[in-house]
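Given next are the chains, with one letter for each unit.
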Amino acid sequence: MEGQGAAEDVPVIYLHEIKRQYMQGEAPLTILDGAKLALWPGQSVALVAPSGSGKSTLLHVAGLLEAPDSGEVYVAGRPTSQLPDIERTLLRRTEIGFVYQSHRLLPEFTALENVMLPQMIRGLKRSESVKRAKEILSYLGLGERTTHRPAELSGGEQQRVAIARAVANAPRALLADEPTGNLDPHTADHVFQALMQLVQATQVAMLIATHNMQLAGRMDRRVSIVDGQIVELD
Ligand code: ADP
Ligand code: MG
């Protein structure tokens, strides 16, 4: 699939027949077993499954952080398994944003700098990355917090900075692994709203692993993992 013209007709991420095993002593433990999933632009998808069923594994494979044992991950129509590591890394940096349960911000850096960093790593000029980082932080209601370090922010603010960092390079896909799992219900709702607002505004494709059925119910689509395969809920 060439260029971006056909982007609407192509899943942002397409997981095809993904198999992933871990060795447990001598015996292989099969976590994903032919998992298939298409993520579309502007669609929010909740991944709801019990602990240990493979949610994080699936997100890591979809985010090109972990290679499957077999199967293929297509990003914007491009197969990724045969790419040289450097190209796969570049693709991940530009097309995929990741949010974890804990914010994983760099403690020595301000909110602004944390959001600038991925842009500068990608090669953007400092002045441009400052401008964009300020825009995104303001958009997420953190305009007054740009010079704060993570320790000087509340849990919800830290998570919103982590979201800002994840979308700093305008990725096509936003993957979030229980992003509200550490937050109280009110703060979780606020952070969730920020994620949904981004999907609306940017048409990013979003996959969120969550145990929160109430939040999952507000997303476009719900899927689960059963015996290593993706099943649609509802
Ligand atoms: P979830 O996110 O749904 O809780 P995970 O994807 O983290 O599930 O893990 C699925 C299963 O795979 C678990 O049983 C876990 O113990 C196992 N697992 C995950 N990562 C590894 C690893 N690096 N090595 C061995 N087993 C792993
Ligand atoms: Mg997990």
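Further up the page is the structure itself.
Residues numbered from 1 in each chain as written. Chains lettered and ligands numbered in written order. Predicted model: local features only at pLDDT ≥ 70, side-chain atom pairs only at ≥ 80, totals over all residues. Heavy atoms only, no water.

Engineer: For this particular structure, what's the right way to read the pairing of strand 2 (residues 27-39)?
Structural biologist: It is a general feature of regular strands that their side chains alternate between the two faces of the sheet. Bridge count between strand 1 (residues 13-24) and strand 2: 10 bridges; the pairing is antiparallel. Among the inter-strand pairings, Leu 15 is bridged to a residue of strand 2, identified as Leu 37. The hairpin turn running from strand 1 into strand 2, its antiparallel successor, is 2 residues long, and Gly 25 in that turn takes a positive phi close to 65 degrees. (Pairing = 2+ DSSP bridges. Helix = DSSP H or I, 4+ residues; strand = E, 2+ residues; numbered from the N terminus.)

Engineer: For this particular structure, what's the right way to read the sheet that holds strand 8 (residues 205-209)?
Structural biologist: Think of a sheet as strands paired side by side through backbone hydrogen bonds, with each pair either parallel or antiparallel. The strand order 6-7-8-3-9-10 describes an open sheet built from 6 strands, whose pairing is mixed. Each edge of the sheet is formed by a strand with only one pairing partner; in this case those strands are strand 6 (96-99) and strand 10 (229-232). Along the sheet, successive strands turn relative to each other by an average axial angle of 20 degrees, direction set aside. Sheet analysis places strand 3 (residues 44-47) next to strand 8, joined by 4 bridges and oriented parallel. Paired with Ser 44 across the two strands is Met 206, which belongs to strand 8. Contacts between helix 1 (residues 55-62) and the sheet are confined to strand 3, strand 6, strand 7 (173-177), strand 8, strand 9 (221-226) and strand 10, with strand 7 contributing the most and set at about 155 degrees to the helix. Docked against the sheet, helix 6 (residues 185-202) engages strand 3, strand 7 and strand 8, running at close to 155 degrees with respect to strand 8. (Axes fitted to C-alpha atoms, helices over the stretch in contact; angles between N-to-C directions. Contact = heavy atoms within 4.5 Å.)

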